[in-house]
Amino acid sequence: MKFSIQRDRLIQSVQDVMKAISSRTTIPILTGIKIVATNEGVAFTGSDSDVSIESFIPKEEDGNELVEIFAPGAIVLQAKFFSEIVKKLPMDFVEIEVINHLQTVIRSGKSEFNLNGLDPEEYPHLPQISEENVFKIPTDIVKNLIRQTVFAVSTSETRPILTGVNWKVESDRLTCIATDSHRLAMRSAAIDFVNEAKYNIVIPGKSLNELNKILDDTNEPVEIVITENQILFRAKQLLFFSRLLEGNYPDTSRLIPTESKTDIVINTKEFLQAIDRASLLAREGRNPNVVKFSTLTSGIIEISSNTPEVGKVVEQVQSQSIEGEDLKISFSAKYMMDALKALEGLEIRISFTGAMRPFIIRPINDESILQLILPVRTY
C-alpha cells in the first residue's frame, strides 16, 4: 500500500474516527485505526464494538486532488500514536507506505516515522446493513433532535434502557424521548420516509453525543437505516454505526399531564438567568441545587433559595401572564436550566398541575418540543 494525502483532510478524518476508539477495549486490534486505500480513495475506520465510524476521503473533490494512490492496500495503525504524529507533521501532504509486510512509513517533508502496523484481516468487519428502509432528515434537524433530548438520559446503570434516547418512527414523523425518571425531554420532527415501517428503538446517549460532534452544520440530509440491533447514520463521506440498547423503553405518554391548573408565560432568557443566580446559594442540604418558585400578584414570580449556613437569595421576575391558581413549588435548578437551554424561542409557557405533580415547559408556538420536570418536596 502506498498513497499521498492532503494533511488537513487526513487530520479531520482521523479525529472523526478517534471518537469511536476506546483505550479500555478488551480486543487489542480495536485500539487501532484501519486504513484502506482503493482506486476511489482512502477509508479510515475506528470502532469500540458499540460504535463504529468510517470516514472516506475521495481521490478528488470539487476539482482538487486530495489523494494520490500509488498502490492499493490496507493496514491497521495504533490510533494513539498515529493521530499524534499526523497532527504534528510539517508539510501539507503526507505519504503513507507499507513496506515488508506490516512496517508502515509515514513521510512529510523531511520528517519520517516508522510504525509497526497490525494485520487488517483481523479487524472486525463493519455491520452489513440492508438498505430497504432508509429515511432522511436534514443534518441540522438531526443535531437539534439530539441536543434537545440527550441531556436528559440517565447516567446510572441501574436501568440501562434509560441511558439511551427512545426514537419512534411512525407515518413520516420521528419522536425522540429521553428521561432519567426525574425529568423528560421530547422532540419530534417530520421525516422523509417512503414506506410504512414503524420503529421503536433506543440509541445509547453516548453514541448520539459522539455523532453530534462529528456532523457538520449543514442542511444536507443524513440517511438513517435501522435494523434490529444497529442503526446507521450516513452523511457525506461518513458512516456512523451504533448498536441499539436491548429491552423495552417505558411508556412515557402517561407521565405527561394533559390539563393544567396554573399557566405562566415568561421570557426564556430572563427566567434562565434568574434561576442561574438562585442556584448559586442552593448548594447544600438534603436536596442540593433546589430553588423555590412562587406566584405573587400582578404577574410577578418569586424565585428563591436558602442555605442556612451560607445565606439566601430572593429575586422577582415579571412574567408576561399568569393564569389559574396560585402556586408554590420547588425543583432542581440544574434540571430547569438544562431544559431552558434546550428550548428555542424568546418566550416559554410553563404549565403546572399542582405543587407535587410533574410540570411541562414548552416554547410558545411550537408543539414539537416539550420538557417535563418532577418537583422536589420541600414545603
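About the thresholds
- Residues numbered from 1 in each chain as written.
- Predicted model: local features only at pLDDT ≥ 70, side-chain atom pairs only at ≥ 80, totals over all residues.
- Heavy atoms only, no water.
- Helix = DSSP H or I, 4+ residues; strand = E, 2+ residues; numbered from the N terminus.
- Buried < 20%, exposed > 50% of the residue type's maximum accessible area, 1.4 Å probe, protein only.
- Contact = heavy atoms within 4.5 Å.
- Areas by Shrake-Rupley, 256 points an atom, 1.4 Å probe, with all protein chains shown as cover.
- Pairing = 2+ DSSP bridges.
- Axes fitted to C-alpha atoms, helices over the stretch in contact; angles between N-to-C directions.
- 1 Å grid on protein atoms, 1.4 Å probe; cavity = no way out; pocket = protein on both sides within 12 Å on 5 of 7 lines; lining within 4 Å.
- Points joined across faces, edges and corners; volume = space filled by probe spheres on them.
- Salt bridge = Lys/Arg side-chain N within 4 Å of Asp/Glu carboxyl O.

### Structural notes on the overall build of the chain
In terms of helices and strands, the chain carries six helices and 29 strands. Counting only C-alpha atoms, the chain reaches 80 × 55 × 40 Å along its principal axes. By the burial criterion, 51% of the 379 residues in the chain qualify as buried. Sequence separation of 24 or more characterises 67% of the internal contacts of the chain that already satisfy a separation of 6 or more. For the chain, the accessible area works out to roughly 19,000 Å², and carbon and sulfur atoms hold 47% of it.

### Here we look at the pairing of strand 9 (residues 93-99)
Inspection of the sheet shows strand 1 (residues 2-6) paired to strand 9 by five bridges, in the antiparallel sense. For Gln6, the partnering residue across the bridge sits in strand 9 and is Phe93. Bridge analysis of strand 9 against strand 10 (residues 103-108) gives five bridges, and the strand direction is antiparallel. Within strand 10, the position partnered with Glu95 by the bridge is Arg107. In this structure, the hairpin formed by strand 9 and strand 10 is closed by a connection of three residues, where His101 is found at a positive phi of approximately 70°.

### Let's talk about the sheet that holds strand 16 (residues 192-193)
An order of 8-2-3-4-20-19-18-12-16 is seen for the nine strands of this open sheet, with the pairing classed as antiparallel. Bordering the open sheet on either side are strand 8 (73-78) and strand 16, each of which pairs with just one other strand. The sheet contacts of helix 2 (residues 79-88) involve strand 2 (32-37), strand 3 (41-47) and strand 8, and relative to strand 8 the element is tilted by about 95°. Helix 3 (residues 139-147) rests against strand 12 (134-138) and strand 18 (221-226) of the sheet, and its axis sits at about 85° to strand 12.

### Side note on the layout of surface pockets
For the largest pocket, the calculated volume is near 430 Å³. Looking at the largest pocket, it is lined by 20 residues, and the ones nearest its centre are Asp216, Ala235, Lys236, Gln237 and Leu238. Elements that contribute at least two residues to the lining of the largest pocket include exactly helix 1 (7-18), strand 4 (51-58), strand 18 and strand 19 (230-235). Here the lining of the largest pocket gets four residues from one element, more than from any other, and that element is helix 1.

### As for the pattern of salt bridges
On inspection of all chains with the given rule, the structure shows 17 salt bridges. The salt bridge involving Arg107 is made with Glu112; its shortest N-O contact spans 3.3 Å. Residues Arg362 and Glu367 are paired through a salt bridge, measuring 3.7 Å at the closest nitrogen-oxygen approach. Overall, Arg362 belongs to the partly exposed group, its relative accessible area being 22%. Assessed through its relative accessible area of 62%, Glu367 is described here as exposed. Because the salt bridges share partners, they merge into one network encompassing Glu95, Glu97, Arg107 and Glu112.

These figures come from the coordinates and say nothing about function on their own.
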